[in-house]
Amino acid sequence: MSNPIDVVVLMGSESDWKVMQAAVQTLREYGVTCEARVLSAHRTPAETSEYVRQCDQAGTRVFIAAAGMAAHLAGAVAAQTTRPVLGVPLASSELNGLDALLSTVQMPPGVPVGTLGIGQAGAVNAALLAVSIIANERPELHTKLRQARQQRAAKILATQLT
Ligand code: RP5
């Protein structure tokens, strides 16, 4: 594939899309190509492995994997690729995402997952971190990231409370 997708965004269920669309929107704002797919570590394990292996071979730069409850998706993705895998734990159960956070973050040594925060903040930060990783090859993305932080800082400094 001559133009591989920069970032693949995987989520365990269609019910995760309401949160994970923030990651896709952020990637698009930076002009980073992405593909979002529903694939589950538990419900579609063989298809998940096969898809990740195909993307790895095609040259995908970063994988984002989001899941709730006993969230094994990011680890299952990382098992199939040595490319960076960013995990986003989602609040899908009575435990409000703490279950998914612990499932995602506690990888045994050797197969790393970079774990972000729970929910939408984690989804956006996963996208920004993916942009930072890709910016090592595309320096104009560092400029865009810096400008966005400057704009956010200017907004804070302009805030008048009374
Ligand atoms: C996980 O279980 C998914 O990532 C989702 O967050 C959670 C619930 O899935 P559904 O029952 O809504 O499909 O696999």
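Please refer to the structure higher up on the page.
Description of the structure in this document.

Cut-off values and rules
Residue numbers restart at each chain and count upward from 1, following the sequence in its written direction. The model is predicted, so local features are restricted to residues of pLDDT at least 70 and side-chain atom pairs to those at 80 or more, both for listing and for counting; the totals for chains, interfaces and linings are taken over all residues. Calculation of side-chain values draws on the structure's entire complement of heavy atoms; hydrogens and water are dropped beforehand. Whenever a pair of cysteine sulfur atoms sits within 2.5 Å, that pair is classed as a disulfide. Exposure is judged per residue with a 1.4 Å probe applied to protein chains only, and the accessible area is read against the type maximum: over 50% gives exposed, under 20% gives buried, and values in between give partly exposed. The criterion for an aromatic pair is that two Phe, Tyr or Trp rings (for Trp, the six-membered ring) have centres within 6.5 Å, with stacked assigned to planes under 30 degrees apart, edge-to-face to planes over 60 apart and tilted to the rest. Look at NZ for Lys and CZ for Arg. If either is within 6 Å of the ring centre and within 35 degrees of the ring normal, a charge sits over the ring. One heavy atom within 4 Å of a molecule or strand makes the whole residue count as near it. The definition of a polar contact used here is a pair of N or O atoms within 3.5 Å, where within protein one atom must be able to donate a hydrogen and the other to accept one, and adjacent residues in sequence count solely through side-chain atom pairs. Gly is put with the polar residues, along with every residue not named as nonpolar or charged; the nonpolar set is Ala, Val, Leu, Ile, Met, Phe, Trp, Tyr, Cys and Pro, and the charged set is Asp, Glu, Lys and Arg. Put simply, DSSP H or I for four residues or longer makes a helix, DSSP E for two residues or longer makes a strand, and each gets a number counted from the N terminus. We call two residues in contact when some of their heavy atoms are within 4.5 Å. For every element, the axis is a line fit to its C-alpha atoms; helices are fit only across the contacting stretch, and the angle between N-to-C directions ranges from 0 to 180 degrees. Here a crossing is taken to be left-handed if its near helix is turned anticlockwise relative to the far helix by less than a right angle, and right-handed if that turn runs clockwise. Angle categories are assigned with fixed cut-offs, so that under 35 degrees is roughly parallel, over 145 is roughly antiparallel, 65 to 115 is roughly perpendicular, and the rest are oblique.

It is worth spelling out the state of the cysteines at this point. Counted according to the given criterion, the structure contains 0 disulfides. Here Cys-34 stays unpaired: no disulfide links it, and the sulfur of Cys-55, its closest cysteine neighbor, is 12 Å away. Among the residues examined, Cys-55 registers a relative accessible area of 7% and is labelled buried.

On to the packing of aromatic side chains, then. As enumerated under the stated definition, the model contains 0 aromatic pairs in all. Positioned over the ring face of Tyr-51 is Arg-37, at 4.5 Å from the centre of the ring.

Now for the site of the ligand. Every residue close to the ligand is listed here: Gly-12, Ser-13, Ser-15, Asp-16, Arg-43, Ala-67, Gly-68 and Ser-92. One of the side-chain N or O atoms of Ser-13 is found 2.6 Å from an oxygen atom in the ligand. Here an oxygen atom of the ligand and a backbone polar atom of Gly-68 are 3.1 Å apart. Taken together, the residues that form the shell around the ligand break down as 1 nonpolar, 5 polar and 2 charged.

This part covers the side chain of Thr-48. Examined against the element boundaries, Thr-48 turns out to sit in helix α2 (residues 45-58). You can call Thr-48 buried: its relative accessible area is 2%. Excluding residues within four positions of it along the chain, Thr-48 makes contact with Leu-39, Ser-40, Ala-41 and Leu-73.

Take the packing of helix α5 (residues 120-135) against helix α6 (residues 140-157) next. Between α5 and α6, whose axes approach to 8 Å, the crossing angle comes to 145°. The element α5 and its partner α6 pack so that their crossing is left-handed. Counting all contacts with α5, which are made through Leu-128, Val-131, Ser-132, Ile-134 and Ala-135, the residues of α6 involved are Leu-141, His-142 and Leu-145. The residue inventory of the contact of α5 with α6, partitioned by class, reads 6 nonpolar, 2 polar and no charged.

This brings us to the packing of helix α1 (residues 17-29) against α5. The interhelical angle for the contact between α1 and α5, taken along N-to-C directions, is 25°, at an axis separation of 8 Å. Comparing their axes, α5 and α1 come out roughly parallel. Crossing handedness for the pair α1 and α5: right-handed. Of the residues in α5, those touching α1 at Val-19, Met-20, Ala-22, Ala-23, Thr-26 and Leu-27 are Gln-120, Ala-123, Val-124, Ala-127, Leu-128, Ala-130 and Val-131. Grouping the amino acids of the contact of α1 with α5 by side-chain chemistry returns 11 nonpolar, 2 polar and no charged.

Bringing the environment of Thr-33 into the picture now. Mapped onto the fold, Thr-33 is located in the loop between α1 and β2 (34-38). Sequence separation of Thr-33 and Ile-5 is 28 residues, and the distance between their C-alpha atoms is 5.5 Å. Apart from the residues lying within four places of it in its own chain, the contact partners of Thr-33 are Pro-4, Ile-5, Asp-6 and Val-7. Polar contacts involving the side chain of Thr-33 include one to the main-chain amide nitrogen of Asp-6, which spans 2.9 Å.

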